[in-house]
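Each chain, letter by letter, is given below.
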Amino acid sequence: MINIMINSCNSFDSAELAAAINAVASMMAKDKCIEEIEIMALAFDMLSDTLFAIALMQKKQERLREHCERECLRRDDTV
């Protein structure tokens, strides 16, 4: 079984991650026809795009929250 931890606290080796992803893709494609593999590829591509969009939104929301907190602190300091 492939065991890779990916989160903000654990780093990973990019070569090991690439090898693991290739292994998973190979296992998923085994005994599938071309059309099934293409559908899986499209689905995972859509999943990837959605995850990147969510990450981008979270990053922008975090920056906005930090900006608002700094502005509140600045206002509190002047009062």
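Heads up: these notes are all about the structure in this document. This one's a predicted model, so the numbers in the text were calculated from it and none came from an experiment. Within every chain, residues take consecutive numbers counted from 1 along the sequence as written. Local features in this predicted model are restricted to residues of pLDDT 70 or higher, and side-chain atom pairs are both shown and tallied only at a pLDDT of 80 or more, whereas totals for entire chains, interfaces and linings draw on every residue. Hydrogens and water are ignored here; the side-chain numbers use all heavy atoms of the structure.

Before going further, it helps to spend a moment on helix 1 (residues 14-29). Helical geometry note: an α-helix holds 3.6 residues per turn, so side chains three or four residues apart project in the same direction. Only DSSP runs of H or I covering at least 4 residues are called helices, and only runs of E covering at least 2 are called strands; the numbering of each starts at the N terminus. A helix is expected to reach a length of 1.5 Å times the quantity of its residues less one. When the terminal C-alpha atoms of helix 1 are compared, their 22 Å separation across 16 residues agrees well with the 22 Å that a helix rising 1.5 Å per residue should span. A side-chain oxygen of the first residue of helix 1 lies 2.9 Å from the backbone nitrogen of Ala15; this N-cap is Asp13. What qualifies as a polar contact is a pair of N or O atoms within 3.5 Å, subject to a donor-acceptor requirement within protein and to the restriction that residues adjacent in sequence count only when both atoms come from side chains.

This part is about the pattern of salt bridges. By definition here, a salt bridge exists when the distance from a side-chain nitrogen of Lys or Arg to a carboxyl oxygen of Asp or Glu is within 4 Å. Summed over the entire model, instances satisfying the criterion amount to three salt bridges. The salt bridge involving Glu62 is made with Arg65; its shortest N-O contact spans 2.3 Å. With Glu62 and Arg65 both in helix 2 (residues 34-78) and three residues apart, this pair spans about one turn of that helix. Accessibility here uses a 1.4 Å probe with only protein chains present; expressed as a share of the type maximum, an area under 20% marks a residue as buried, one over 50% as exposed, and anything in between as partly exposed. The exposure class assigned to Glu62 is partly exposed, which follows from its relative accessible area of 33%. The class for Arg65 is partly exposed, based on a relative accessible area of 38%. One salt bridge connects Arg65 with Glu69, and the closest N-O pair in it is separated by 2.4 Å.

Moving on: the environment of Ile37. Note that Ile37 resides in helix 2. Exposure remark for Ile37: the relative accessible area of 32% places this residue in the partly exposed category. Each C-alpha atom of the pair Ile37 and Ala25 lies 9.5 Å from the other, and the pair is twelve residues apart in sequence.

All right, on to the state of the cysteines then. Two cysteines form a disulfide when their sulfur atoms are joined by a covalent bond. Disulfide assignment relies on a single distance test, namely cysteine sulfur atoms paired within 2.5 Å. Summed over all chains, the structure comprises zero disulfides. Here Cys68 stays unpaired: no disulfide links it, and the sulfur of Cys72, its closest cysteine neighbor, is 6.7 Å away.

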